[in-house]
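A look at the structure
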Amino acid sequence: AKGAEHAKEHGLDLAEIVATRLSPDMLPFSFQAISVYHHSLGTIRAIEGGVFGGPPSMPDMDYAGLQELIDNAATELQGISPEQIDALEGAGVMFKIGDFEIPFTAENYILSFSLPNLYFHATTLYDMLRIAGVPLGKMDFLGQMRTTG
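Let us look at the structure shown here. Residue numbers restart at each chain and count upward from 1, following the sequence in its written direction. The predicted nature of this model means local features are confined to residues of pLDDT at least 70 and side-chain atom pairs, given and counted, to a pLDDT of 80 or more, with totals for whole chains, interfaces and linings taken over all residues. Remark: hydrogens and water are excluded; side-chain values derive from all non-hydrogen atoms of the structure.

1. Regarding the pairing of strand S3 (residues 100-105)
We treat two strands as partners when DSSP finds at least two bridges between them. Here a strand is any run of E in DSSP of at least two residues, a helix any run of H or I of at least four, and the numbering for each starts at the N terminus. Looking at chain direction, strand S2 (residues 92-97) and S3 are connected through 6 bridges and run antiparallel. Looking at the pairing, Lys96 lines up with Glu101 of S3. Once S2 ends, the chain turns through 2 residues before running back antiparallel as S3, passing Gly98 with a positive phi of about 60°.

2. Looking at the nonpolar core
As used in this record, nonpolar core signifies buried Ala, Val, Leu, Ile, Met, Phe, Trp, Tyr and Cys residues forming a set joined through side-chain atoms within 4.5 Å. Any residue under 20% of the maximum accessible area for its type is buried, any over 50% is exposed, and the rest in between are partly exposed; the area is computed with a 1.4 Å probe on protein chains only. Phe29, Tyr63, Leu66 and Leu129 are the most contacted members of the largest nonpolar core, which has 15 residues in total. If you tally residues by element for this core, the top one is helix H7 (residues 106-131), at 5 residues. In what follows, a contact means two residues having at least one pair of non-hydrogen atoms within 4.5 Å. Here Leu66 is in contact with Val18, Phe29, Ser30, Ala33, Ile34 and Met61, once residues within four sequence places are set aside.

3. Notes on a nonpolar patch on the surface
Where nonpolar side chains cluster on the molecular surface, the patch consists of Tyr119, Met139, Phe141, Leu142 and Met145 and spans about 520 Å² of accessible area. For the nonpolar patch, the element with the highest residue contribution is helix H8 (residues 138-142), accounting for 3 residues. Along the chain, Met145 falls in the segment after H8. Two distance rules govern patches: like charges are joined within 9 Å, and nonpolar side chains (Val, Leu, Ile, Met, Phe, Trp, Tyr) within 5 Å, applied only to residues with over 30% relative accessible area and no salt bridge. In short, Shrake-Rupley with a 1.4 Å probe defines the accessible areas, and a residue's cover is counted only from the protein chains shown. What makes a salt bridge here is a side-chain nitrogen of Lys or Arg within 4 Å of a carboxyl oxygen of Asp or Glu, nothing more.

4. Topic: the pattern of salt bridges
Applying the stated criterion to the full structure yields 4 salt bridges. Between Lys2 and Asp140 there is a salt bridge; the shortest N-O distance is 2.8 Å. With a gap of 138 residues between them, Lys2 in helix H1 (residues 2-10) and Asp140 in helix H8 connect regions that are remote in the sequence. With a closest N to O distance of 3.0 Å, Glu48 and Arg45 form a salt bridge.

5. Concerning the packing of aromatic side chains
The rule is short: rings of Phe, Tyr and Trp, with Trp giving its six-membered ring, pair when the centres are within 6.5 Å, and they are stacked under 30 degrees, edge-to-face over 60, tilted in between. What the rule picks out here adds up to 7 aromatic pairs. Ring centres of Phe52 and Tyr109 lie 5.2 Å apart, and the angle between their planes is 55°; on these two criteria the pair is classed as tilted. Here Phe52, found in strand S1 (residues 51-52), pairs with Tyr109, found in helix H7; they are 57 residues apart in sequence, far enough to count as distant. Note on accessibility: Phe52 and Tyr109 belong to one class, buried. Within the aromatic cluster, the residues linked to one another by ring pairs are Phe52, Phe95, Phe104, Tyr109 and Phe113.

6. Observations concerning the pairing of S2
Where S1 lies against S2, 2 bridges are found, and the strand directions are parallel. Counted as the bridge partner of Phe52 is Phe95 from S2.

Everything listed here is a matter of coordinates, which is why it stays silent on function.
Right, here's the structure in full:
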């Protein structure tokens, strides 16, 4: 939302942000946003189904569509109870790209593949927005902390 507000206030083209790359050999903002979805809600769905497919497809989405995709993932994730997540413990999930397969337990898949990818793509989105001048800070990235109090 801050990115869209900043673009509107400063006359930036959101289509340019969606096409932004940090480096010519790096995938664009749109792929990073789709990957955040893919490695959040997509991870839970993959564990439930037992298979996590390769890289996400690249539908042609504008900034608002990407924002909606991530918002919908967050809403769906909030609707999943801790008990539902706990019930996935020990489940098998196969990472599969074509004939290439890597078997995981749900826990190892989340900890050693999905979370690192989620943080990588979320950080990349954050960096791309910062380069565009969006006034984001560390707390925007971290979000609400879960304390004992």
